[in-house]
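# A structural walkthrough
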Amino acid sequence: MTPAAKPLKTGRIAGPLDTVVLVGASAALWALAARWVGPQVLTGPVDTIGYLGGLFADPEFRASVWETTRAFSLALAIAWASGLAIGMMLGAHRLTGEVAEPILTALYSIPKITLYPVILLFFGLGMPARVAFGAIHGIVPVALFTMAAVRGVRPVYFRTARSLRLGPLATARHIILPACLPGIVSGLRVGFSLTLLGTLIGEMFASQRGLGHMVIRAMETNDVRLLIALALFLVTVATGAGALLLAVDRRVARLGAGRG
Amino acid sequence: MGLHAQIPLGEPVTAQAAHVAVRGLTRIFPGANGRPPLQALGPLDLDLAPGEFFSVVGPSGCGKSTLLDILAGLSPASAGSVTFEGKPVAGTVPDGVGVVFQEDSSFPWLSVFDNAAFGLRRLKTPEAQLRPRVEEALALIGLSDFASAFPAQLSGGMRQRVCIARTLVMRPRLILLDEPFGALDQQTKLLMGDELLRLWRETGATILLITHSLDEAALLSDRIGVMSARPGRFIDVIETGWARDRDSRLAADPGFGAITARIWRQLREESLKAMRAAP
Amino acid sequence: MTRAGLLRTGIIAAALGALEAACRLGAIDRFSLSPPSEMATSALRILTSGEYTRDILVTFATVAGAALLSVVAGFALGVLLYRLPRLKRAADPFLASYYAVPSFIFYPLFIVLFGLNRWPLVAVAFVFAFVAMAIASVDGFLSVRPILLRTAASLRLTRMETLRLVILPAAAPYLFTGVKLTIVYAFIGVVAGEFILSGSGLGYRIAFAYQSFETATMYGLMLILICAVVTVNMLLWSHEKRLHARLTR
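Cut-offs used in this document
- Throughout, residues of each chain are indexed from 1 in the direction in which the sequence is written.
- Naming scheme: in the order in which they are written, chains are lettered from A and ligands are numbered from 1.
- The model is predicted, so local features are restricted to residues of pLDDT at least 70 and side-chain atom pairs to those at 80 or more, both for listing and for counting; the totals for chains, interfaces and linings are taken over all residues.
- Think of the side-chain values as coming from all heavy atoms in the structure, minus any hydrogens and water.
- Strand pairing is assigned whenever DSSP identifies at least 2 bridges connecting the two strands.
- A run of H or I in DSSP counts as a helix once it spans at least four residues, and a run of E counts as a strand once it spans at least two, with each numbered from the N terminus.
- Note on contacts: a residue pair qualifies if any of its non-hydrogen atoms lie within 4.5 Å across the two residues.
- Convention adopted: a line fitted to C-alpha atoms gives each axis, helices being fitted over their contacting stretch, and angles between N-to-C directions are expressed from 0 to 180 degrees.
- Surface patches are drawn from residues lacking salt bridges whose relative accessible area is over 30%; two like charges belong together within 9 Å, two nonpolar side chains (Val, Leu, Ile, Met, Phe, Trp, Tyr) within 5 Å.
- Only the protein chains shown count as cover for residues, and all accessible areas are computed by the Shrake-Rupley method using a 1.4 Å probe.
- Just to be clear on terms, a salt bridge is a Lys or Arg side-chain nitrogen sitting within 4 Å of an Asp or Glu carboxyl oxygen.
- Exposure classes here rest on a 1.4 Å probe applied to the protein chains alone. A residue is buried below 20% of its type maximum, exposed above 50%, and partly exposed in between.
- Accessible surface is computed with a 1.4 Å probe, and the buried area is the amount of it that two parts give up when combined, taken over both parts together.
- Polar contact is defined as a pair of N or O atoms within 3.5 Å, subject to the rule that within protein one atom must be able to donate a hydrogen and the other to accept it, and that residues adjacent in sequence are counted only when both atoms are side-chain atoms.
- Note on residue classes: Ala, Val, Leu, Ile, Met, Phe, Trp, Tyr, Cys and Pro are nonpolar, Asp, Glu, Lys and Arg are charged, and everything else, Gly too, is polar.

### Brief notes about the sheet that holds strand S2 (residues 38-48) of chain B
Residue and element names in this part refer to chain B. Read across the sheet, four strands follow the order S2-S1-S4-S5 without closing on themselves; strand pairing throughout is antiparallel. Bordering the open sheet on either side are S2 and strand S5 (87-88), each of which pairs with just one other strand. As paired strands, strand S1 (residues 20-29) and S2 are joined by seven bridges and run antiparallel to one another. The partner of Arg27 across the bridge, within S2, is Leu41. Here helix H1 (residues 64-72) sits on the sheet and contacts S1, S2 and strand S4 (79-84); the angle it forms with S1, its principal contact strand, is near 120°.

Spelled out as structure tokens, the structure:
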């Protein structure tokens, strides 16, 4: 540990370049692993990318992407909106928050995949089940992050709001929301990931459509090429979206830090 | 001024006899993102006699803390040299040097006793030897009754004393203090100053205190170095001439007012410069 | 018990009561959802009959093995990312979206690699869980106040001593959270794997009960699984809260 923590700035260009290097290294490892275990077990990166390119012309794949996008968007809207509302409520009211926090933490920890038979029994096979599965994965983290963010607003801001004679709505709009935006955005980011996970799990176990269903079918028929191509597609899309949200998150966090 | 005349300080300290000797010390921070390099400090010279209490005052951003970091071996100098007990200081904190920071640096996961015992435990000192030394340090700093408390249960002033105890246990011959009482209220500050004086008398250590408080510097020190705005250099070194046995009641001494007035006369212009230069 | 604790107990009891009533009065189809009392009796019957004891133990043992491996490997990766900030920056987008992809889609791959036994499940749970530990570890290391690192230097600690005596204890609450998440994710990974393809374990039994329309058994097994996870989680959570309380002021 050198003291006086040396400034860890490698400049703006080095960052993305490092990521490219990392991706390249991972691809090389993947290629080696594929060569080692053989294409019946794991297809290599070049084959997979070629196969994935072909998939885009496949109407079934395109329909699945569309199905998943629809289910995921709906689930995300529900998860974000209700997570935010619940989190705000619990954060603003001390006792409610104290009562609800352990319950939320417990809900967060339940392997929700266990619940798929229940969801199926209630929603049947189809769109509602997939959306419900996605939403129940995303709501709780968004609510927990939002609650923590609202609670973390410095009391002096509330006193300032009162001294400026702001009403409750104006306080929420002009003080609470901007002050806890960084925490909220982090929550929305985590909610995004878990909602996508939930939607895909829902499709795997409780649907006849979508990318998740394609995955489970590829598993059942042992279609390694398709499975790996789908995995690559999902990882790429999820990482792209994740990187975008992470950039937003960091920007907002800097803003919040600047405001102190 | 007439202050120097009160007590003769004897021969000026030579580099050989000095406990700490600084020659031509300079610190230049390389410019980040295409900005020009920034000279934060120096060049400056400084000699500390063994057992001396020396304070450094200066406007904000003048490089006081940088000076302390370099003396402690926590950051490198760009040019010049620092020697402690005749050996050059570079890269690591030398044996026999203790540092107390402004920010609370007590370890929150350890009790007061374990905080104080930290350095000795690391050196695998047998518990039988360690216990009396830690208890002695805690007694010296007035924390004996809180040995089993955790820092989170203590006030800011007490936590700062925990840090001082952690340093004292190692019996440092040179103690570097970086505005250790900066975050405390005025009364606590005065009382902590008295304790520091007592410690200094009882341990015989050399003390270098960085402070932004004129009163603190004037009350505690044998000598006060007044630094200019960036790049920090000594523009005045004031010898207070206080007796070794002293405490905060000196504030009523007419000499005290004269010293703070003299520091402020030097410092006012520099502080204005620093304020205007501040981003 | 605190006021919040009492209220919480009351709310949970009221919710269970309402569910019970809704099932008994026919507002919810009996076939879709058993009343909570029947779930509990079914769970009790399952536990006492011993019919499923082996599956339960097998699942827990698999989770424990996967969690242990994940904690060790995740911690090591956390140290690596902390020591190599450039690697961390490059990997951040991947870490941030790691949990968006259900990594148990690689389960078939592991079956081919390890054979049809419990190891593919351990592997799939490990892949799912170890990243949570790595993220928590590196976040914890980075949260250590710089002044404590400066203090370590001023006390002349070596790199290893700084890690062991300062960084680890300072990051302990984060590491604890990491362990908690790792266990939760290991559970999810193992159960998901058992759902997909396995001949034993709680997940397999639940899926089997569902497919053979044994609603009571299914809910009993679910209750056992959920109670186990929630209990482990709550124990760790309360300890975690105490740890946070001691280290923060």
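### Structural notes on a nonpolar patch on the surface
Residues and elements named next belong to chain C. Where nonpolar side chains cluster on the molecular surface, the patch consists of Leu69, Leu113, Phe114 and Trp119 and spans about 420 Å² of accessible area. Inspection of the secondary structure puts Leu113 in helix H5 (residues 107-114). For Leu113, a relative accessible area of 41% gives the class partly exposed.

### Digging into the side chain of Thr114 of chain A
Considering the arrangement of structural elements, one finds Thr114 of chain A in the loop between helix H4 (94-109) and helix H5 (116-123). Other than its neighbours up to four places away in sequence, Thr114 of chain A contacts Val191, Phe195, Ile206, Met222 and Leu225 of chain C.

### Here we look at the interface of chain C and chain B
Accessible area lost on assembly of the parts is the figure often given for the size of an interface. Listed by partner, the interface residues are 19 residues for chain C and 23 residues for chain B. Of the roughly 2,100 Å² buried where chain C meets chain B, counting both sides, 60% is carbon and sulfur surface. Counting across the chain C and chain B interface gives four salt bridges. Note that Arg122 of chain B is salt-bridged to Glu161 of chain C, the shortest N-O span being 2.8 Å. On the surface where chain C and chain B come into contact, there are seven residue pairs in polar contact (both at pLDDT 80 or more). Take the side of chain C that touches chain B: its biggest share by element is six residues, from helix H7 (residues 146-154) of chain C. Residue composition of the side of chain C that touches chain B, by class: ten nonpolar, three polar and six charged.

### Section: the interface of chain C and chain A
Counting from both sides, the interface comprises 66 residues of chain C and, opposite them, 55 residues of chain A. For the pair chain C and chain A, the summed buried area comes to about 5,400 Å², and 78% of that belongs to carbon and sulfur atoms. Salt-bridge contacts for Asp92 of chain C lead to Arg250 of chain A; the nearest nitrogen and oxygen are separated by 2.5 Å. In this structure, the connection of chain C to chain A is made through six residue pairs in polar contact (both at pLDDT 80 or more). Counting only elements with at least two residues in the side of chain C that touches chain A, the list comes to helix H1 (3-24), helix H3 (53-83), helix H4 (85-96), H5, H7, helix H8 (159-196), helix H9 (202-211) and helix H10 (215-247) of chain C. With 13 residues, H8 of chain C is the largest single contributor of residues to the side of chain C that touches chain A. Each residue belonging to the side of chain C that touches chain A can be placed in one class, and the counts come to 52 nonpolar, four polar and ten charged.

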